[in-house]
Amino acid sequence: MEKKYMLHFFHERNYEPQSLQAFEREAVQAAQARATHMYVMDVPKRFEEWSTHPGDPYPNWGMLQTCLFKLVVPRALEPYLDADYARRNLELVRRRSEIVKKYGMQAAVVVIDPFYLPEQAYLDHPAWRGPRCDHPRRSRDMYFSPCIDNEEVRGLYYEAMQRLCAEVDIGFFQIITNDSGAGVCWSTGLYNGPNGPEACRKVSMADRIVGFLQVLYDAARSQGRETLIDITSDIFGYKAPEASMDAAWTSLKPGQLVTGRDMHGKKPVYHMLSDLIEHVRPMQTLPMTVDFVRKLHAAAGSESEYIKAVIHRSEFNEYIRILDAYREMRPQDTAQLMNVLRHVAAQIVGEAQASKLLDAWCALDDAARIMSDLHFDNFIWMPLIAERVINRPLVPVPAALTEEETAYYAPFLFQATTEEQARDLLNIQGMDFVKGFTATRILRLSVLKMTPALERAAVLFESIETDDDAVRGKLAVTARRVRVLLCLSRTLSNAACYQDVLDHTRPDEQPAYSTEWPIEGDARISRLGELARAEIDNTYELLRLMDGEPGAFFPIVADDAHEDAFLLSAQLPRQLVQKAQIMLAHMRDVDKIYESKNK
């Protein structure tokens, strides 16, 4: 059976929408790959979602997501939500869907629901209040989803879905829940544990889920839309399975899916996660082609009718080329998969240089697999941006930093508990993925182990010969991205080792003092000095590689006034200089804690 593709072109969420011209270029690529569906999301962020909760980082997660009420505001919710914002979003999605239709595809939509409402909505309508859906380690306020067992709430969703489907021909409607500000009553997948109103405590999860899906299904059908609707609480394998929700498939009706499963227990849509890309984020536009073709081969061997693939940015449209080549060449084994990649490489750099480009891709894959084997995934990379380790100084006494010294990074730390915990370089949203001697050693050794693979990849990208100036330029910037990735891995290693020393320092520790000679002094002074100097040098190397173009490497906010936890400022180069200068200014703070040498 020939597989049908649903393609989702991934972009880091920003405050300005992707241009329709750029979207249409992607639609052309999707049509070239013979996709049947193309995602018409996402919509721009809205900064007010965060600024109305001063000091609370949690809305940064919700800002990354689109919910149904960000597209259509039901009349009863107009006093509480920004209807103008929703109207702009709906118009954007409508125009994108017209482009998708122009190229013979249907629109696919992904939302995160039921999404939390402003507190005033619940004060005015107490029966609407559903479960608490925030993460207690990542929030300071409480956030509540609406109760989808409540008939009035179901009416709100019916109205919004009906108005959306009146404007957009949606072929696939995907709902993610129990994450990022959305949650289902009494679900074990809620971050605060099962909770919700007493009114629906005894409603079975199957009745709750099927009833909610039926509301959306009926609303779509009222507009003549044959929409496949899926709700899932499976967040990329990071969360424990939500057994009661998953089991609801036995009660489903045609056109409804729970965690991808239909009424017959089959999964019509294969969600292809090219997850090695998560092991090189936040770096943008690095081609993880080897992992992509392997995951595509696994998807092609499934019983699913559709393959949903996420298409990340790449310089040469490598992923679309791979989809085309895979369909044409129909590989059966690993050797033939490599032939698919070599065929694509020849399209890009010519037959004579194709093997070298394939070798570069394989070297990059080798590095990512080292990270993957050690679970060096997105949760480990996350502090670079969300904890600002990338531009945050490593200093012996973090509490000694002045407000002026911390002003450029402190407001954007995704740390929701105490100031003391916020000073921990590797406290990742209330979690310690790297803590203690063993974990720090593993991280440091993994960086050392993957360094030769990254260096080899960079050299290979740089050594490819071509007369095409545009191709040469793209290969050069790809090599720089690989070297920047190496800088970032060293920053994480330095920060983890630095924090490990601080963790082995008592809060009230004072330096011993003696005039005896010779005295070796405290070894921690030498270790912190060594790490600080390594990170200062690494920071200047990162500056050199960026060459004043941070947007070529990292997610950068269009307007510095809207910098948030997941978007860096265009002032990053200046901030990196500031980081190095602050570290130099505070290196002697070690003398206030540890006994110095006297030799």
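Placed above this text is the structure.
Asker: An account of the overall build of the chain is requested, with residue identities and associated values reported.
Answerer: When helices and strands are tallied, the chain shows 19 helices and ten strands. For the chain, the spread of C-alpha atoms along the principal axes amounts to about 90 × 65 × 40 Å. Residues classed as buried in the chain amount to 58% of the 599 residues present. Nonlocal contacts in the chain, meaning residues at least 24 apart in sequence, comprise 76% of its contacts between residues at least 6 apart. When the accessible area of the chain is evaluated, it comes to approximately 24900 Å², of which 51% is carbon and sulfur surface.

Asker: Got a sec to walk through the environment of V111? Specific residues and values, please.
Answerer: For V111, the location among the structural elements is in strand β3 (residues 106–112). Separated by 49 residues in the primary sequence, V111 and A160 have C-alpha atoms spaced 12 Å apart.

Asker: Tell me about the sheet that holds strand β1 (residues 4–9), and please be specific about residues and values.
Answerer: Working definition: the strands of a sheet are paired by backbone hydrogen bonds and lie parallel or antiparallel to each other. Taking strand neighbours across the sheet as the criterion, the eight strands line up as β8-β7-β6-β3-β2-β1-β10-β9 in an open arrangement whose pairing is parallel. With one partner strand each, in any of the chains shown, β8 (256–258) and β9 (269–272) form the two edges of the open sheet. Taking each pair of neighbouring strands and ignoring which way they run, the sheet shows an average axis angle of 20°. Pairing analysis gives three bridges linking strand β2 (residues 35–39) to β3, with the strands arranged parallel. For M38, the partnering residue across the bridge sits in β3 and is A107.

Asker: Mind laying out helix α19 (residues 572–586), listing which residues take part and the relevant values?
Answerer: The end-to-end C-alpha distance of α19, which contains 15 residues, comes to 21 Å, matching closely the 21 Å that a straight helix rising 1.5 Å per residue would cover. Summarising the contacts, the buried residues of α19 are in contact with α14 (403–406), α17 (469–503) and α18 (523–546).

Asker: Which residues make up the side chain of D262, and what values do they have?
Answerer: Within the element layout of this structure, D262 appears in the loop between β8 and β9. Salt bridges are absent for the buried D262, whose nearest opposite-charge side chain, K266, sits at 7.0 Å. A polar atom in the side chain of D262 sits 2.9 Å from the backbone nitrogen of H264. Apart from the residues within four sequence positions on either side, D262 is in contact with W249, L252, Q256, L257 and P268.

Asker: An account of the packing of helix α1 (residues 20–32) against helix α4 (residues 83–102) is requested, with residue identities and associated values reported.
Answerer: Packed helix pairs are specified by the crossing angle of their axes together with the interaxial distance, meaning the distance between the axes. Contact pair α1 / α4: the axes reach a minimum separation of 10 Å and the direction vectors enclose 30°. As for how α1 packs across α4, the hand of that crossing is right-handed. Facing α1, whose interface residues are L20, F23, E24 and A27, α4 presents L92, R95, R96, I99, V100 and K102. Residue classes in the contact of α1 with α4 are distributed as six nonpolar, no polar and four charged.

Asker: A description of the pairing of strand β6 (residues 170–176) should follow, citing residues and the corresponding values.
Answerer: Note on strand geometry: in a regular strand, side chains alternate between the two faces of the sheet. Of all seven residues that make up β6, six are buried, and the element is covered over most of its length. Each parallel crossover has a hand, and for β6 linked through helix α7 (residues 205–221) to strand β7 (residues 228–232) it is right-handed.

Asker: Can you tell me about the nonpolar core, naming the residues and giving the values?
Answerer: Within the largest apolar cluster, 188 residues are counted, with the highest numbers of intra-cluster contacts made by L7, M161, L164, F173, W361 and F554. In terms of residues, this core owes the most to one element, α17, which gives 16 residues. F173 has contacts with L68, V109, V111, M161, L164, L216, T227, L228, I229 and D230, leaving out every residue within four places of it along the chain.

Asker: Quick rundown of the packing of aromatic side chains? Include the residues and the values.
Answerer: Applying the stated criterion to the full structure yields 14 aromatic pairs. Ring geometry for F47 against W50: centres 5.8 Å apart, planes inclined by 75°, an arrangement best described as edge-to-face. For the residue pair F47 and W50, the accessibility class agrees, reading buried in each case. By way of ring pairs, the aromatic residues Y15, F47, W50 and F412 are connected into one cluster. Against the face of Y85 rests R46, its NZ or CZ located 6.0 Å from the ring centre. Positioned over the ring face of F144 is R129, at 4.7 Å from the centre of the ring.

Asker: Before we move on, could you go through unusual backbone geometry and cite the residues and values that matter?
Answerer: A cis amide bond links M41 to the next residue, D42, at an omega of 10°. Note that D42 resides in the loop between β2 and α2 (48–51). A cis amide bond links W517 with the next residue in sequence, P518, at an omega value of 0°. Topologically, P518 is positioned in the loop between α17 and α18. The backbone of W186 shows a phi angle near 60°, a positive value even though the residue is not glycine. Counting through the fold element by element, W186 comes out in the loop between β6 and α7.

Asker: Give me the pairing of β7: which residues, what numbers.
Answerer: Counting buried residues in β7 gives five out of five residues, a clear majority hidden from the surface. Here β7 shows a buried face lined by L228, D230 and T232 and a second buried face lined by I229 and I231. One ladder, built from five bridges, connects β6 with β7; its direction is parallel. When the sheet's bridge partners are listed, I176 is paired in β7 with T232. Two elements, β7 and β8, share three bridges in a ladder whose sense is parallel. In the strand pairing of β8, I229 is matched with Q256.

What counts as what
Residues numbered from 1 in each chain as written. Predicted model: local features only at pLDDT ≥ 70, side-chain atom pairs only at ≥ 80, totals over all residues. Heavy atoms only, no water. Helix = DSSP H or I, 4+ residues; strand = E, 2+ residues; numbered from the N terminus. Buried < 20%, exposed > 50% of the residue type's maximum accessible area, 1.4 Å probe, protein only. Contact = heavy atoms within 4.5 Å. Areas by Shrake-Rupley, 256 points an atom, 1.4 Å probe, with all protein chains shown as cover. Pairing = 2+ DSSP bridges. Axes fitted to C-alpha atoms, helices over the stretch in contact; angles between N-to-C directions. Expected span 1.5 Å × (residues − 1). Lys, Arg positive; Asp, Glu negative; His and termini not counted. Salt bridge = Lys/Arg side-chain N within 4 Å of Asp/Glu carboxyl O. Polar contact = N/O pair within 3.5 Å; in protein donor to acceptor, adjacent residues only side chain to side chain. Left-handed = near helix turned anticlockwise from the far one by under 90°. Nonpolar A, V, L, I, M, F, W, Y, C, P; charged D, E, K, R; others polar. Right-handed = clockwise from strand over helix to strand, strands pointing away. Core = buried A, V, L, I, M, F, W, Y, C linked by side-chain atoms within 4.5 Å. Phe/Tyr/Trp six-rings, centres within 6.5 Å; stacked < 30°, edge-to-face > 60°. Lys NZ or Arg CZ within 6 Å of the ring centre and 35° of its normal.

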